[in-house]
Every structure is written in C-alpha cells, then in structure tokens.
Amino acid sequence: MKMFRDLFLIAFIACGAVGGSQLPQLVQEYEQRLGGARDEAMAAHRQDVAEAAAFGLTLEGFAERYRASEDQAVRAGADRMLQRRDRAESLDAAYRELQAAPYLLRPWAAVSHVDTGIAEAAWNSYKPTLTLDIRFGIAGILLGWILHALVSVIWRAMFRRPPEERNRFRRA
C-alpha cells in the first residue's frame, strides 16, 4: 500500500510541476486576448463619446436623449451605448490590474477579473509548450503535494478499517 501512496505522490508532484510551469504561457494568451478586446471596446466607447460631443452632450446626456425617443429601437441604442462604456471600463480595469500585478501573482490577477468569453478563447488557442518556468514549477510541486495530502486524508477517512479488524492478525 505504501508503494501505491508513494507512486501517487510522485504523480501528483510531477503533474503539479508541469501544470504549474505552464501557467505563465496561459496567462500570456489571456492577456493578449484581453488587450485586444479592451482596445476594441475602448474604440467603440470613444466613438460613442465623440458622437455625443458632436451634439455638445456628455455620453449620459446623449443616452438620455435616446431614451426620450418614441422609437423603441432608438431607446435600445441608449442601453447598448452605456453597455459599451461599462464593458470598456471593466476590460480596461482588468487589463491594468493584470499589467500591474507582480509576476507570481499574475495568474491570480487574471482569475480575479476573468472574462469568460476571453478566457474560453484563450484556452481554446492555448498550446502546451516545453518551456518550464521554475518559479511556477515549484508552486505546482507544492500544490501537488498539498493536493496529495488532502486526497490521502479523504481516502483514509473513507476506507479506514475498524481497530479490531486491523489488529486481528497481530493477536494470532
């Protein structure tokens, strides 16, 4: 039984090291896509602001004018305009936080402001590389070790034999 436990420990540590060392590349993929989405959202927002400024209005004032219209399609345009602004601000904040995060905390910064559409696209385009980042590899080893310890505790709790059954062979 000890041999299997040690084998699983080695497997958890190896998977943690390899998986952890791949994190920087995955975060970079996400960052590139986030930057592109941010640029597109900011361009659309700037266009809305410029359109409002052409009439001497703020974006909020322009949206209120749209909302005052009798036409439902025009009123819906106000909501889309404000949604573009909110998305641009959200993506900009996420991008700036990711850029400002220390190297080892970049995965956390990416996850804390994750955009599911961008993350899914980044995951779909991600290709594992042979590049190994020793800092994230060590973090992966530690995570694998902790995960193994947690699985071992759960396993022992589920399959622990009663004390009299364990000592049955020692008495004979």
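Details of the structure are given in the entry above.
For the structure given in this document, a descriptive report is provided here. Please read these numbers as outputs of a predicted model, since none were measured by experiment. (Residues numbered from 1 in each chain as written. Predicted model: local features only at pLDDT ≥ 70, side-chain atom pairs only at ≥ 80, totals over all residues. Heavy atoms only, no water.)

1. A short note on the layout of surface pockets
- By volume, the second largest pocket amounts to about 160 Å³.
- Those elements giving two or more residues to the lining of the second largest pocket turn out to be α1 (2–54), α4 (106–112) and α5 (116–125).
- The leading source of residues in the lining of the second largest pocket is α1, at four residues.
- Of the residues belonging to the lining of the second largest pocket, the class tally is eleven nonpolar, no polar and no charged. (1 Å grid on protein atoms, 1.4 Å probe; cavity = no way out; pocket = protein on both sides within 12 Å on 5 of 7 lines; lining within 4 Å. Points joined across faces, edges and corners; volume = space filled by probe spheres on them. Helix = DSSP H or I, 4+ residues; strand = E, 2+ residues; numbered from the N terminus. Nonpolar A, V, L, I, M, F, W, Y, C, P; charged D, E, K, R; others polar.)

2. Some words on the side chain of aspartate 92
- Relative to the helices and strands, aspartate 92 is located in helix α3 (residues 72–100).
- You can call aspartate 92 buried: its relative accessible area is 14%.
- In this structure the side chain of aspartate 92 is engaged in a polar contact, spanning 2.7 Å, whose partner is the side chain of arginine 38.
- Ignoring anything within four residues of it in the chain, the contact list for aspartate 92 reads Arg38 and Met42. (Buried < 20%, exposed > 50% of the residue type's maximum accessible area, 1.4 Å probe, protein only. Polar contact = N/O pair within 3.5 Å; in protein donor to acceptor, adjacent residues only side chain to side chain. Contact = heavy atoms within 4.5 Å.)

3. Some thoughts on the environment of tryptophan 123
- If you trace the backbone, tryptophan 123 turns up in helix α5.
- C-alpha of tryptophan 123 to C-alpha of glutamate 29: the two residues are 94 residues apart in sequence and 7.9 Å apart in space.

4. Looking at the nonpolar core
- Core analysis: the largest hydrophobic core is formed by 14 residues, its most contacted members being Tyr30, Leu34, Leu91, Leu98 and Ile118.
- If you tally residues by element for this core, the top one is α1, at five residues.
- Not counting the four nearest positions on each side in its chain, leucine 91 is found in contact with Leu34, Ala37, Arg38, Ala41, Asp115 and Ile118. (Core = buried A, V, L, I, M, F, W, Y, C linked by side-chain atoms within 4.5 Å.)

5. What to know about the pattern of salt bridges
- Tallied over the entire structure, the rule returns ten salt bridges.
- With a closest N to O distance of 2.7 Å, aspartate 92 and arginine 38 form a salt bridge. Linking aspartate 92 in helix α3 with arginine 38 in helix α1, this pair joins segments that are 54 residues apart in sequence. For the residue pair aspartate 92 and arginine 38, the accessibility class agrees, reading buried in each case.
- One salt bridge in this structure joins aspartate 48 and arginine 84, with 2.7 Å as the shortest N-O distance. With aspartate 48 in helix α1 and arginine 84 in helix α3, the pair connects residues that are 36 residues apart, well separated along the chain.
- The buried category is assigned to aspartate 48, whose relative accessible area is 8%. (Salt bridge = Lys/Arg side-chain N within 4 Å of Asp/Glu carboxyl O.)

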